[in-house]
Amino acid sequence: MGTIITLLIMVLSILLILVVLAQNPKGGGLSASLGSANQFGGVRETTDIIEKITWSLAIGIVVLSIASSVMSGNGQTEVQQDIQKSKAEQQGQQGTK
């Protein structure tokens with residue numbers, strides 16, 4: 001399950017990068033490139049839609065990141081757990097010598 005969440009986070013991140021690159025801070029961006037589409041929705045609506053998509057992707061990444069953290073258990077990764085097990089085994093072997 002953790003792998004699926006990680007893949008979703010990566011896909012959302014790539015989509016977020018693409019949406020941000022489609023924006024232009026001076027009001028052009030994708031809305032300026034879609035000449036005929038602006039006649040239907042208007043420049044302002046195109047900008048609003050892109051902004052909503054940006055916020056939705058960002059919120060999705062945050063939610064999935066939190067879910068991934070919660071699902072990982074007590075906050076320790078498998079590597080950290082392996083290190084603790086090996087330390088405990090080493091201490092147990094040293095105590096028997």
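Cut-offs and rules
Residues numbered from 1 in each chain as written. Predicted model: local features only at pLDDT ≥ 70, side-chain atom pairs only at ≥ 80, totals over all residues. Heavy atoms only, no water. Helix = DSSP H or I, 4+ residues; strand = E, 2+ residues; numbered from the N terminus. Contact = heavy atoms within 4.5 Å. Areas by Shrake-Rupley, 256 points an atom, 1.4 Å probe, with all protein chains shown as cover. Expected span 1.5 Å × (residues − 1). Buried < 20%, exposed > 50% of the residue type's maximum accessible area, 1.4 Å probe, protein only. Arc of directions from axis to C-beta. Core = buried A, V, L, I, M, F, W, Y, C linked by side-chain atoms within 4.5 Å. pLDDT = per-residue confidence, 0-100.

S.K.: Can you help me understand the overall build of the protein in this one?
M.R.: From N to C terminus, the protein includes 4 helices and 0 strands. Going residue by residue from the N terminus, the α and β elements of the protein occur as α-α-α-α. Residue pairs in contact within the protein that sit at least 24 positions apart in sequence constitute 71% of those at least 6 positions apart. Counting every atom, the protein has about 7,600 Å² of accessible surface; 64% of that belongs to carbon and sulfur.

S.K.: Even after reading the chapter, I still don't get helix H1 (residues 2-22), so can you show me in this structure?
M.R.: One turn of an α-helix holds 3.6 residues; hence residues three or four places apart share an orientation. For H1, built from 21 residues, the straight-helix expectation of 30 Å at 1.5 Å per residue is met to within 8% by its first-to-last C-alpha distance of 30 Å. Residues of H1 that are buried: Ile5, Ile9, Leu12, Leu16 and Val19. All buried residues of H1 fall inside an arc of 90° around its axis, so they share one side. Of the exposed residues in H1, the ones pointing more than 90 degrees away from its buried face are Thr3, Ile14, Ile17, Leu18 and Leu21.

S.K.: Whenever I open this one, the nonpolar core confuses me. Can you help?
M.R.: Within soluble globular proteins, side chains that are nonpolar generally end up buried alongside one another. Listed in full, the 9 residues of the largest apolar core are Ile5, Ile9, Leu12, Leu16, Val19, Ile50, Leu57, Ile61 and Leu64. Only H1 and helix H3 (35-71) provide two or more residues apiece to this core. Ranked by the residues each element gives to this core, the list is headed by H1, at 5 residues.

S.K.: What am I meant to see in the confidence of the model for the protein here?
M.R.: In regions of low pLDDT, the predicted coordinates are not meant to be interpreted in detail. Looking at the protein as a whole, the pLDDT averages 78, with 70% of positions reaching at least 70. Element-level pLDDT for the protein is lowest in helix H2 (residues 29-33), with a mean of 53, against a maximum mean of 92 in H1.

S.K.: Is there a simple way to explain the environment of Thr6 in this structure?
M.R.: Within the fold, Thr6 resides in helix H1. Judged by its relative accessible area of 40%, Thr6 falls in the partly exposed class. Along the backbone, Thr6 and Ile61 are 55 residues apart, and their C-alpha atoms lie at a distance of 9.8 Å.

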